[in-house]
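One-letter residues, chain by chain:
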Amino acid sequence: MRLALEQARQAGQQGEVPVGAVVFNAGQECIGVGFNQTITQSDPTAHAEIVALRRAAARVGNYRLPGATVYVTLEPCAMCLGAMLHARVARVVYGAADPKTGACGGVIDLAAETRLNHHTQVTGGVLAEECGDLLRHFFRIRRGKQTHGQE
C-alpha cells in the first residue's frame, strides 16, 4: 500500500485526485503502477487502477492477470472493479472507503455479486487513515481555492 500511496502523491502533485494503485503478480513482483490521470489525459477511464492494470497487462503480454493483487488507496468504483474482475485479479486491497462511488460495499458490492463469473477477494481499510487524509487534504485545498474564486 505504501507504493500505492507514492503513486497517489504523484497524482496530487499534478492536480489530479490523489489515488494510486499498484499490481503485484502471484510471485509478489510489482508489474504495474498507476495514478489518476483523468484530467491530464482527458480520459474518463484513466483511474489509477485502470492505468496500473493496463501497464501490468502490457508487461505480462496478457489481459488476464490471474493470481494478481491490486493495491489501491481508495475503494474502487464499478468501472475499476469491473476491469479487475474481467482481468481475473485474485485479490483487491484498498485503503480508504468511498461512500459515494465505492463498488466493494461503499455504494454497491460487485465483489459479492454471485451471478458474476469471476470473484475476487477484497480487503479494505489498509492504511485507511493515511489514504483518507491524503484525499481530505487535497479536497480541502481545492474547496478553498473555489471559495476564493481561483478555480
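These notes cover the structure that comes with them. (Residues numbered from 1 in each chain as written. Predicted model: local features only at pLDDT ≥ 70, side-chain atom pairs only at ≥ 80, totals over all residues. Heavy atoms only, no water.)

**Describing the environment of His 86**
Within the element layout of this structure, His 86 appears in helix H3 (residues 78-86). Linking His 86 and Asn 117, residues 31 residues apart in sequence, is a C-alpha distance of 9.1 Å. (Helix = DSSP H or I, 4+ residues; strand = E, 2+ residues; numbered from the N terminus.)

**Re the side chain of Glu 75**
Checked against the element boundaries, Glu 75 lands in the loop between strand S3 (69-74) and H3. One buried charge, Glu 75, has no salt-bridge partner; the nearest side chain with opposite charge is Arg 136, at 12 Å. A distance of 2.7 Å separates a polar atom in the side chain of Glu 75 from the backbone nitrogen of Gly 106. Excluding its chain neighbours within four sequence positions, the residues that come into contact with Glu 75 are Tyr 94, Ala 96, Ala 97, Asp 98, Gly 102, Ala 103, Cys 104, Gly 105 and Gly 106. (Buried < 20%, exposed > 50% of the residue type's maximum accessible area, 1.4 Å probe, protein only. Lys, Arg positive; Asp, Glu negative; His and termini not counted. Salt bridge = Lys/Arg side-chain N within 4 Å of Asp/Glu carboxyl O. Polar contact = N/O pair within 3.5 Å; in protein donor to acceptor, adjacent residues only side chain to side chain. Contact = heavy atoms within 4.5 Å.)

**A word on the nonpolar core**
Counting 36 residues, the largest nonpolar core has Val 23, Leu 53, Leu 65, Leu 81, Met 84 and Val 89 as its most contacted members. Residue assignment for this core shows that the elements contributing at least two residues are helix H1 (2-13), strand S1 (20-24), helix H2 (48-60), S3, H3, strand S4 (91-96) and helix H4 (128-147). The biggest single contributor to this core is H2, with five residues. Among all residues touching Val 89, those that are not within four sequence positions of it are Leu 53, Leu 65, Ala 68, Val 70, Met 84, His 118, His 119 and Thr 120. (Core = buried A, V, L, I, M, F, W, Y, C linked by side-chain atoms within 4.5 Å.)

**Observations regarding the packing of aromatic side chains**
By the definition in use, this model includes two aromatic pairs. Ring plane angle 90 degrees and centroid distance 5.7 Å describe the contact between Phe 24 and Tyr 71, whose orientation is recorded as edge-to-face. Within this pair, whereas Phe 24 is found in strand S1, its partner Tyr 71 is found in strand S3, the two being separated by 47 residues in sequence. Each of the two residues, Phe 24 as well as Tyr 71, counts as buried. On the basis of an interplanar angle of 85 degrees and a centroid distance of 5.1 Å, the ring pair of Phe 138 and Phe 139 is categorised as edge-to-face. Since its relative accessible area comes to 30%, Phe 139 is described here as partly exposed. (Phe/Tyr/Trp six-rings, centres within 6.5 Å; stacked < 30°, edge-to-face > 60°.)

**Topic: the pattern of salt bridges**
According to the stated counting rule, one finds six salt bridges in the structure shown. When the shortest N-O distance is used, the salt bridge between Arg 2 and Glu 130 registers 2.6 Å. Of this pair, Arg 2 sits in helix H1 while Glu 130 is found in helix H4, placing the two residues 128 residues apart along the sequence. Note that Asp 43 is salt-bridged to Arg 54, the shortest N-O span being 3.8 Å. Here Asp 43 is found in the loop between strand S2 (30-35) and H2, whereas its partner Arg 54 is found in helix H2, with eleven residues between them in sequence.

**Considering the environment of Glu 6**
Inspection of the secondary structure assignment puts Glu 6 in helix H1. Along the sequence, Glu 6 and Gly 34 sit 28 residues apart, while their C-alpha atoms lie 9.8 Å from each other.

**Some points on the pairing of S2**
Here is the key point about a regular strand: its side chains alternate between the two faces of the sheet. As paired strands, S1 and S2 are joined by five bridges and run antiparallel to one another. Counterpart to Val 23 in the pairing with S2 is Gly 32. (Pairing = 2+ DSSP bridges.)

**Overview of the packing of H2 against H3**
Contact geometry of H2 with H3 gives a least axis separation of 9 Å together with a crossing angle of 25 degrees. For the element pair H2 / H3, the angle class is roughly parallel. H2 and H3 meet at a crossing whose hand is left-handed. In contact with Glu 49, Ile 50 and Leu 53 of H2, H3 contributes Met 79, Cys 80, Ala 83 and Met 84. Here the contact of H2 with H3 is built from residues that sort into six nonpolar, no polar and one charged. (Axes fitted to C-alpha atoms, helices over the stretch in contact; angles between N-to-C directions. Parallel < 35°, antiparallel > 145°, perpendicular 65-115°, else oblique. Left-handed = near helix turned anticlockwise from the far one by under 90°. Nonpolar A, V, L, I, M, F, W, Y, C, P; charged D, E, K, R; others polar.)

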